[in-house]
Amino acid sequence: MTIKIAPSILSSDFARLGAEVAEAEASGADWIHVDVMDGHFVPNITLGPPIVKAIKPHTSLLLDVHLMIENPELYIEDFVKAGAGMITVHAEACVHLHRVIHMIKEHGIMAGVALNPGTPAAHVQEVLDDVDMVLVMTVNPGFGGQAFIPGTIRKIREIRSSLRERGRADVHIEVDGGITKETAPLVVEAGADVLVAGSAVFGREDRAEAITEIRQSLGG
Ligand code: DX5
Ligand code: ZN
């Protein structure tokens, strides 16, 4: 699978979001990662559908919306209308995970399921036939700029192998948190193909150089 880089706008300048996503696209980003936090599922509050709607006209890239919220089923329609191309919900936040995934897919967009570092791969086994992506959190969600947790590599490998066994090799595995040019090769080797990078891209003056450095670390 071609490796995708998805800069997270969490580390961008919120006062100039439109310009920030346009610059990420011009710098070689593949998707734009949008972190939605509600102050309940995670101890931080970020943004909602109006911001997704506001950035949509500034990029042609897929908006990859990561919902770190409780009761995500209540907000799916709003995020779809705002322009999300993919919505990822946390397995830990969904009692009816299978139902929520299908609610997302019924809107004709891609659906992902996310796992916190402390949640075993087993929690997504029963929906691997239903999702377009599994998001393996490589930090505890809530904040940008945290250190990569190496123990998550084994889980990436385990999920990639389960997907292969099920004949679902086309399902993306996204990693999120602490991705840099040092950690990127490790997660790609384990089977990840979508790399979220917040501070490693938006924390740098030259975003094109930052994205190029991550790609070069993968030997491409
Ligand atoms: C963490 C968010 C991430 C965050 C990553 O809760 O889900 O997307 O922005 O930031 P970095 O790449 O700086 O670890
Ligand atoms: Zn995220």
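Reading guide: rules and limits
Residues numbered from 1 in each chain as written. Chains lettered and ligands numbered in written order. Predicted model: local features only at pLDDT ≥ 70, side-chain atom pairs only at ≥ 80, totals over all residues. Helix = DSSP H or I, 4+ residues; strand = E, 2+ residues; numbered from the N terminus. Buried ≥ 20, exposed ≤ 12 C-beta atoms within 10 Å, placed from the backbone. Contact = placed C-beta atoms within 7 Å. UniProt positions renumbered as here; feature names shortened; annotations may be inferred. Core = buried A, V, L, I, M, F, W, Y, C linked by C-beta atoms within 7 Å.

Participant: Honestly, the overall build of the protein chain in this entry has me stumped. Any pointers?
Facilitator: Within the protein chain, the regular secondary structure consists of 8 helices and 8 strands. Buried residues in the protein chain amount to 44% of all 220 residues. For the protein chain, the share of sequence-separated contacts (at least 6 apart) that also reach a separation of at least 24 residues comes to 64%.

Participant: What am I meant to see in the UniProt feature "binding site: a divalent metal cation" (unreviewed entry) in the protein chain here?
Facilitator: UniProt feature "binding site: a divalent metal cation" (unreviewed entry): in the numbering of this structure it lies at H33, D35, H66 and D176. A maximum C-alpha distance of 10.4 Å places the annotated residues, which cover 144 residues in sequence, within one compact spot. Summarising the element assignment, H33 is placed in strand 2 (residues 31-37). Since 28 C-beta atoms lie within 10 Å of it, H33 is described here as buried. Once residues lying within four places of it in the same chain are set aside, the contact partners of H33 are A6, P7, S8, D64, H66 and V196. When you line up the elements, D176 lands in strand 7 (residues 172-176). With 25 C-beta atoms counted inside 10 Å, the residue D176 sits in the buried group. Setting aside chain neighbours within four positions, we find D176 in contact with H66, L135, M137, T138 and V196.

Participant: Even after reading the chapter, I still don't get the nonpolar core, so can you show me in this structure?
Facilitator: Most often, soluble globular proteins have nonpolar side chains that are buried together. Ranked by internal contacts, the top residues of the largest apolar core, which has 69 residues, are V65, I87, V113, V187 and L195. Here the element with the most residues in this core is strand 2; it accounts for 5 residues. Setting aside anything within four residues of it in sequence, one finds V187 in contact with T138, I153, I156, V175, I179, A192 and L195.

Participant: Sorry if this is basic, but what is going on with the UniProt feature "active site" (unreviewed entry) in the protein chain here?
Facilitator: Listed under "active site" (unreviewed entry) in the UniProt record, and renumbered for this structure, are D35 and D176. The greatest C-alpha distance among the residues just named is 10.4 Å, despite their covering 142 residues of sequence, which places them together in space. Positionally, D35 belongs in strand 2. When the 24 C-beta atoms within 10 Å are taken as the criterion, D35 is described as buried. Leave out the neighbours within four places in its chain, and D35 touches S8, L10, T46, H66 and M68.

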